[in-house]
Amino acid sequence: MSGIARLLVANRGEIAVRIVRACKRLGIETVVAVSEADQNSLAAQMAWRAVCIGPAAAGQSYLKAETLVAAALGTGCQAIHPGYGFLSERPAFARMCEQAGLSFVGPLPESIEAMGEKLAAVGIAERAGVPRVPGSDRIETIEDARHAADRIGFPLLIKANAGGGGRGMRLVHAARDLAGAIESAASEARAAFGDPALYIEKFISRARHVEVQVLGDGKGHIVHLGERDCSTQRRYQKLIEEAPSPAIDDQLRHRMTEAAVRLATQVAYRSAGTVEFVYDPESRNFYFLEMNTRIQVEHPVTEMVTGRDLVVEQIRIAGGEPISFTQEDIELRGHAIECRINAEDPARSFMPCPGCIEVWNPPQENDCLRIDTHSYPGYVVPPYYDSLLAKLIVHAPDRSRAIRSMGEALARFGISGVATTIPFHRAILAHKDFRDGAIHTRWVDQEFMPAIPPSASVAAPLPAQAAPG
Amino acid sequence: MELSHEDVKKILEIIDASEHLQELELVHGGFRLHVRRGAAGAAPTEERAISPAAPEPMAPTSAPPSPAKLAVEPALGEREIAIRAPMLGTFYRSPAPGEPPFVEIGKRVQADDTVCLIEVMKLFSSIKAGVDGVVTRILVENGAMVEFNQMLIVITTSQ
């Protein structure tokens, strides 16, 4: 068995519940770190113990690295699982855990650091023979930008080197807009990351987002668990994810997963990671976008088609154990879809809806239907954090049956008290373009949303004076 | 311009951080945000399981949780005031190992007196009494980990 007997969960919401479950499967006790607003959370109820780490504001609780390390040491934990978001991709936190003698359930701090700096990550990808989006090096001056733009052509994307979450990102269609966009992107990047460094990439229109799940043992052994397609996005936020991708064939899948494994091998990657690609269906080219060095929200679709538990593997690896399977053991079966059910009102520009869940009546779970959630009847959705209420995941022998069973599951999902994105998901699943697998990452914003008639339920305008419930 | 989810989150964080602010109304184009601290919209956070008239049995993972394992706090008398931990950390009663404690039961303290230390990763914060009075209860063992807002020491005031 691994040397981990007790583990601190440094996160909240559904992923905290997910980690507690994985630990139960491994016979590991859990301590859940909670802010004052989460003291009654489902994860706190399920865990061996909960400790209050600070007030509701994340900056004073979930983002306080020293406090979380002190909480782990003070409760006798040997490991910390950071989940996703919060401290999961902060090299300083991973390092602090190590120095305190705690196993950080994730990669080495050096890997997080290398992948967090986008141009460094691109460099690693290039050394591993993984193509990048045609683009520039570091842009220091407007002159640099002009030279790069001449070579790359318009439209192009300006991105922040310290990047993430679309901040410091600008889409530029013409040369006359370049200088202004560079200036504003640099100041946004400086404000968001403390680093104004930028680079430029060719903008690929009608692209798909396809990402490969990898697992590494930190000793050079890497396996992949196939790809996920996360092209259904609204304003760069993923809404629906599926595995496998409806847009690629076996040959492309082979090339893409091989590229991801080569990249992860290059850094002797440890733990679960995701190599993201932009895929251009027109040219059938794919390009390295970035590598996320954590478990991802959409990991369940991969678990459904592979039958493997990624969080269990992460924890075992952190305890010094090898990956429990080899590449040959991995077989992709059927098709899985995940819908992120958020407490947001699609009828009011997706405004978050904190409040009390009065009715929570999800469909029955079974082998082909899974719900990852921290919600329950009477749960009060706090206004301080993200609006994810649940992830609904279905698994079926093929894509069209998966779409059908997702539609049925959404129709049976009864929630009242807060508005949710369920009607929006149902409308997308019913759309011909989605069913045909003919969408791209801007499809929701550019085609689906504008085409909704004002009277339709998804976008029915409500009186503006209605206050969030 | 439209407000994004992120914008609303930021606004709520700012409101949350300003303790004196009780109510706020923000109008921005066609968008109106009304926030009230402890308002009905945000129902009380105490444990309570509302049982809806469920048309079908709950999935196992969504069953309402068992009553919360909230630490039972000692009840306070009329003139008693609890000093609470301003942060999670290790509780120390004396300035250094082997030195006498800052306070013992029965000791009279003034608001500005240090009563204990809390250490987070080698960073020590001294905790003040906050009120004048007599130390009547010490609720935590020296060297124990305390959670945020946990009661540490009880002071009985003279009025």
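**What about the overall build of chain B?**
Looking only at helices and strands, chain B features one helix and ten strands. Along chain B, from the amino end to the carboxyl end, the secondary structure elements read α-β-β-β-β-β-β-β-β-β-β. Counting over 159 residues, chain B shows a buried share of 19%. Across chain B, contacts joining residues at least 24 apart in sequence account for 54% of those joining residues at least 6 apart.

**A short note on the overall build of chain A**
Counting its secondary structure elements, chain A contains 15 helices and 22 strands. For 469 residues, the compact-globule estimate of 2.2 N^0.38 gives 23 Å, and chain A sits close to it at 22 Å. Oriented by its inertia axes, the alpha-carbon framework of chain A measures out at about 60 × 55 × 45 Å. With 469 residues in all, chain A has 56% of them scored as buried. The contacts in chain A between residues at least 6 apart in sequence include a share of 65% that link residues at least 24 apart.

**Examining unusual backbone geometry**
Residues and elements named next belong to chain A. Phe-154 connects to Pro-155 through a cis peptide bond whose omega is -5 degrees. Of note, Pro-155 is situated in the loop between helix H7 (142–152) and strand E6 (156–160). At the junction of Ala-243 and Pro-244, the peptide bond is cis and its omega measures out at -5 degrees in the coordinates. Inspection of the secondary structure assignment puts Pro-244 in the loop between strand E11 (237–243) and helix H9 (250–266). With a phi angle near 55 degrees, Arg-206 is a residue other than glycine that sits in the positive phi range. Note that Arg-206 resides in the loop between strand E8 (198–202) and strand E9 (208–217). Taking the C-beta count within 10 Å as the criterion, Arg-206 has 15 such neighbours and is therefore assigned partly exposed.

**Re the environment of Thr-90 of chain B**
For Thr-90 of chain B, the position within the fold is in strand E4 (residues 89–92). The class for Thr-90 of chain B is partly exposed, based on 18 C-beta atoms found within 10 Å. Each C-alpha atom, one on Thr-90 of chain B and one on Met-145 of chain B, is 4.4 Å from the other, the two residues being 55 residues apart in sequence. Aside from chain neighbours lying at most four places away, what touches Thr-90 of chain B is Gly-74 of chain A together with Ile-118, Glu-119, Gly-143 and Met-145 of chain B.

**Considering the packing of helix H4 (residues 91–99) of chain A against helix H5 (residues 109–116) of chain A**
Residue and element names in this part refer to chain A. In contact at an axis separation of 8 Å, H4 and H5 are set at 175 degrees when each is read in the N-to-C sense. The angle between the axes of H4 and H5 places the two elements in the roughly antiparallel class. Two secondary-structure elements touch here, H4 through Pro-91, Ala-94 and Arg-95 and H5 through Pro-109, Ile-112, Glu-113 and Gly-116. Its residues placed into classes, the contact of H4 with H5 shows four nonpolar, one polar and two charged.

**Notes on the sheet that holds strand E3 (residues 49–54) of chain A**
Residue and element names in this part refer to chain A. Ordered by their spatial adjacency, five strands build an open sheet running E3-E2-E1-E4-E5, and the pairing between neighbours is parallel. The strands lining the two open edges of the sheet, one partner per strand, are E3 and strand E5 (103–104). Direction of pairing for strand E1 (residues 6–9) relative to strand E4 (residues 79–81): parallel, over a ladder of three bridges. Residue pairing for E4: Leu-7 is matched across the bridge by Ala-79.

**Here we look at the pairing of E8 of chain A**
Side-chain positions along a regular strand alternate between the two faces of the sheet. All names here are of chain A. Of all five residues that make up E8, four are buried, and the element is covered over most of its length. Here E6 pairs with E8 via five bridges, running antiparallel. When the bridges of E8 are listed, Leu-156 appears paired with Lys-202.

**What about the nonpolar core?**
Residues and elements named next belong to chain A. Residues Leu-8, Val-32, Leu-68 and Ile-80 are the most contacted members of the largest nonpolar core, which totals 178 residues. The element best represented in this core is helix H1 (residues 13–26), accounting for seven residues. Those residues in contact with Leu-68 that lie beyond four places of it in its chain are Leu-8, Ala-10, Ala-33, Ile-53, Ile-80 and Leu-87.

**Some remarks on helix H6 (residues 118–127) of chain A**
All names here are of chain A. Three or more residues of H6 are buried, namely Lys-118, Leu-119, Ala-121, Val-122 and Ala-125. One side of H6 holds all its buried residues, which, seen down the axis, span an arc of 155 degrees. In the core, the buried residues of H6 are packed alongside H5, E6, E8, H9 and strand E13 (285–292). Once H6 ends, the next one or two residues include Gly-129, with phi positive near 75 degrees.

**Observations regarding the sheet that holds E11 of chain A**
All names here are of chain A. In spatial order, the strands read E13-E12-E9-E10-E11-E14-E21-E19; together these eight strands make up an open sheet with antiparallel pairing. A single partner strand is all that each edge strand has here, and the edge strands are E13 and strand E19 (369–373). Shown here is a sheet whose adjacent strand axes are inclined to one another by a mean of 25 degrees, direction ignored. Where strand E10 (residues 222–234) lies against E11, four bridges are found, and the strand directions are antiparallel. Counted as the bridge partner of Asp-229 is Glu-242 from E11. The strands that helix H10 (residues 299–306) touches are E9, E10, E11, strand E14 (335–342), E19 and strand E21 (388–396); relative to E10, the one it contacts most, it runs at about 130 degrees.

**Examining the domain arrangement of chain A**
Residue and element names in this part refer to chain A. Assigned domains of chain A: these are domain 1 (6–105), domain 2 (134–202) and domain 3 (208–451). Summarising the inter-unit geometry, the C-alpha centres of domain 1 and domain 3 are found 23 Å apart. If one sorts the elements of the side of domain 1 that touches domain 3 by residue count, H1 sits on top with ten residues.

**Section: the confidence of the model for chain B**
Residue and element names in this part refer to chain B. Summary statistics for chain B give a mean pLDDT of 74 and a share of 55% for residues scoring 70 or more. This stretch, residues 38–69, has a pLDDT under 50; its non-local contacts, to residues over four places away or in other chains, come to 53 contacts. Note on the complex model: pTM 0.84, ipTM 0.80.

Parameters at a glance
- Residues numbered from 1 in each chain as written.
- Chains lettered and ligands numbered in written order.
- Predicted model: local features only at pLDDT ≥ 70, side-chain atom pairs only at ≥ 80, totals over all residues.
- Helix = DSSP H or I, 4+ residues; strand = E, 2+ residues; numbered from the N terminus.
- Buried ≥ 20, exposed ≤ 12 C-beta atoms within 10 Å, placed from the backbone.
- Contact = placed C-beta atoms within 7 Å.
- Rg over C-alpha atoms; globule rule 2.2 N^0.38 Å.
- Axes fitted to C-alpha atoms, helices over the stretch in contact; angles between N-to-C directions.
- Parallel < 35°, antiparallel > 145°, perpendicular 65-115°, else oblique.
- Nonpolar A, V, L, I, M, F, W, Y, C, P; charged D, E, K, R; others polar.
- Pairing = 2+ DSSP bridges.
- Core = buried A, V, L, I, M, F, W, Y, C linked by C-beta atoms within 7 Å.
- Arc of directions from axis to C-beta.
- Domains from an automatic or database assignment.
- pLDDT = per-residue confidence, 0-100.

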